[in-house]
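In case you want the letters, here they are:
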Amino acid sequence: MPRDQTQTDLRARVDSLNARYRHHSATSVLEGALRDPDAGELAMVSSFGAESVALLHLVAMVDRKTPVLFIDTRLLFAETLTYQQEVAERLRLGNLRIIKADRATLDRRDPYGALRLSDTDACCALRKTEPLNAALDGYDGWITGRKRYQSGTRAALDFFEIEDGTDRIKLNPLAHWTPEDVRAYMEENRLPRHPLVAQGYPSIGCQPCTSKVAPGEDPRSGRWRGQDKEECGIHFVNGRPVRNTVTGGTKQGEQA
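Residues numbered from 1 in each chain as written. Predicted model: local features only at pLDDT ≥ 70, side-chain atom pairs only at ≥ 80, totals over all residues. Heavy atoms only, no water.

S.K.: Account for the overall build of the chain, naming residues and giving values.
M.R.: Each helix and strand in the chain was counted, giving 8 helices and 8 strands. Considering only contacts within the chain whose residues lie at least 6 apart along the sequence, 68% involve residues at least 24 apart. For the chain, the accessible surface area stands at approximately 12100 Å², while carbon and sulfur atoms represent 48% of it. (Helix = DSSP H or I, 4+ residues; strand = E, 2+ residues; numbered from the N terminus. Contact = heavy atoms within 4.5 Å. Areas by Shrake-Rupley, 256 points an atom, 1.4 Å probe, with all protein chains shown as cover.)

Here it is in structure tokens:
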């Protein structure tokens, strides 16, 4: 099928999905999408970060066999790795897959582990974006924890969208949730918090590129502090990693 026709058909499917589920709750959108032929085969991608457990819990309640992809960059906090194991066991995630960059590839492109010091985008591509793209081959789309409040680039986020450059569908069941919704859900379901949150890390990525956030600072100010960088590159706009183009200079929340 010509690419133009493929794009037209994909846009029609996504528009139909958004119209079908527009007024649904996060749970019902997730339940429907995992069974809807128009959404296709979906996997969840999770960082097991500060807010990730809310969506992980929703997915576990709907279908514990949903593939959950966790990208281990080999630069994560030890606390994140421990938390990932604890949450997966507690929620009884039945199809968790640990995704890592190939060791030979790392040795060739980042032999001293210092790429992050000279080119953070290249480091994120090597350790996150490329392994994720390879892991998502064969899936029609993936489930993210993105929310409208997190930044200006997400202010008009729909439940369903087309991923730029891949022709995959991205499902954002929590698109309309507020920070208060996330906190309330975690408290009501007694979900464990990432241990670093209490230590001043409201947004958690790789250890070398994540710093503590002082009271009053934006929650994401500790990510790539001092750099014109907002996203790791997992999420793209017009084929490029999202940059600091947010409205009002704010940038908040978890990535995925």
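S.K.: Please give an account of the pattern of salt bridges that cites residues and values.
M.R.: The tally for this structure, following the rule as stated, stands at 12 salt bridges. With a shortest N-O distance of 2.9 Å, glutamate 217 and arginine 225 are connected by a salt bridge. Residue classification places glutamate 217 among the partly exposed positions, given a relative accessible area of 33%. Taken together, the shared-partner salt bridges connect Arg20, Asp36 and Asp38 into one network. (Salt bridge = Lys/Arg side-chain N within 4 Å of Asp/Glu carboxyl O. Buried < 20%, exposed > 50% of the residue type's maximum accessible area, 1.4 Å probe, protein only.)

S.K.: So what about the sheet that holds strand E1 (residues 42–46)? Which residues, and what values?
M.R.: The strand order E3-E2-E1-E4-E6-E5 describes an open sheet built from 6 strands, whose pairing is mixed. With one partner strand each, in any of the chains shown, strand E3 (96–99) and strand E5 (160–162) form the two edges of the open sheet. On average, each strand axis in the sheet is inclined to that of its neighbour by 30°, with strand direction left out of account. In the sheet, E5 pairs with strand E6 (residues 169–171) via 3 bridges, with the strands oriented antiparallel. When the sheet's bridge partners are listed, phenylalanine 160 is paired in E6 with leucine 171. (Pairing = 2+ DSSP bridges. Axes fitted to C-alpha atoms, helices over the stretch in contact; angles between N-to-C directions.)

S.K.: With reference to specific residues and values, describe the environment of leucine 126.
M.R.: Structurally, leucine 126 can be placed in helix H7 (residues 120–136). On a C-alpha basis, the gap between leucine 126 and lysine 100 in space is 9.8 Å, while along the polypeptide they are 26 residues apart. Beyond its immediate sequence surroundings of up to four residues, leucine 126 is in contact with Ala101, Thr105, Leu106, Arg109, Asp110, Leu115 and Pro131.

S.K.: Could you give me a rundown of the packing of helix H3 (residues 52–62) against helix H4 (residues 78–91), with the residues and numbers involved?
M.R.: Contact geometry for H3 and H4: axes closest at 10 Å, N-to-C directions at 30°. In terms of axis orientation, H3 runs roughly parallel to H4. Helix-helix and strand crossings are classified by hand; for H3 and H4 the assignment is right-handed. Residue-level contacts link Val53, Leu56, His57 and Ala60 of H3 to Tyr83, Val87 and Leu91 of H4. Taken together, the residues of the contact of H3 with H4 break down into 6 nonpolar, 1 polar and no charged. (Parallel < 35°, antiparallel > 145°, perpendicular 65-115°, else oblique. Left-handed = near helix turned anticlockwise from the far one by under 90°. Nonpolar A, V, L, I, M, F, W, Y, C, P; charged D, E, K, R; others polar.)

S.K.: Lay out the environment of alanine 122 in plain terms, naming residues and giving numbers.
M.R.: Locating alanine 122 in the fold gives a position in helix H7. For alanine 122, a relative accessible area of 24% translates into the label partly exposed. Between the alpha carbons of alanine 122 and arginine 109 there is a distance of 9.5 Å; along the sequence they are 13 residues apart.

All we've got here are geometric facts, nothing functional implied.
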